[in-house]
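What follows is the residue order along each chain.
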Amino acid sequence: MDNIRLFRKRFIPEEIIELKNDNIIHFKDNIIITKWDVLKPRHDINNGISAYFINDGIKVSKIFNENGTLVYWYCDIIETIYNNKTNSFTFNDLLIDILIYPDGHVEVVDMDEFADAMESGILSNSTIAAALRNADSLLKTIYSGNFNKYTSYIENI
């Protein structure tokens, strides 16, 4: 796990940020788990634990407020690019996000940004198709009551 660099690439707004303060606590079988504090101070969230499921095209994060209380599970649909020359992973945020609240309420957000990225040609057709398939698969997992397939990795750390 030494010398692995992690980056987050956003398309809207366009930016690439090195996640240099994220602490990698697990890396095995195409799963990377990190602990982190928010990049910019916020009143609603403070820190979290994220699991990148590279083969599934998703990142599942357990998000806490400053008191250590669960705010929600936040799931990003992602595309992962590995650069072996720099030993770095870039996680492309594909804009579709799924939130699961402690009471079980599920919310899909940022579909408007995804549509904007589609219309403007920022995302290729193959990336759009993969993002939609990965979001669909994750929603089916959540609605079938099997979300612990992902959360158990974080809970068992």
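Here, the structure is the one placed above.
Residues numbered from 1 in each chain as written. Predicted model: local features only at pLDDT ≥ 70, side-chain atom pairs only at ≥ 80, totals over all residues. Heavy atoms only, no water.

(A) Fine view of the side chain of T34. Structurally, the position occupied by T34 is in strand 4 (residues 31-37). Among all residues touching T34, those that are not within four sequence positions of it are L6, D22, N23, I24, I25, G48, I49, S50 and Y52. (Helix = DSSP H or I, 4+ residues; strand = E, 2+ residues; numbered from the N terminus. Contact = heavy atoms within 4.5 Å.)

(B) Examining the pairing of strand 1 (residues 5-11) more closely. Direction of pairing for strand 1 relative to strand 8 (residues 88-100): parallel, over a ladder of five bridges. Looking at the pairing, L6 lines up with F89 of strand 8. In this structure, strand 1 lies alongside strand 2 (residues 14-18), joined through five bridges in antiparallel fashion. Bridge pairing in strand 2 links R10 to E15. The antiparallel pairing of strand 1 with strand 2 creates a hairpin that spans two residues between the two strands. (Pairing = 2+ DSSP bridges.)

(C) Representation of the pattern of salt bridges within the structure. The full count for this structure, using the stated rule, is seven salt bridges. Residues E15 and R8 are paired through a salt bridge, measuring 3.2 Å at the closest nitrogen-oxygen approach. When its relative accessible area of 24% is taken as the criterion, E15 is described as partly exposed. A relative accessible area of 23% places R8 in the partly exposed class. A cluster of three or more residues bridged by salt bridges with shared partners is formed by R8, R10 and E15. (Salt bridge = Lys/Arg side-chain N within 4 Å of Asp/Glu carboxyl O. Buried < 20%, exposed > 50% of the residue type's maximum accessible area, 1.4 Å probe, protein only.)

(D) Structural context of the environment of E18. Mapped onto the secondary structure, E18 falls in strand 2. Taking the relative accessible area as the measure of exposure, E18 reaches 29% and is therefore partly exposed. In contact with E18, not counting residues within four places along its chain, are R5, L6 and F7.

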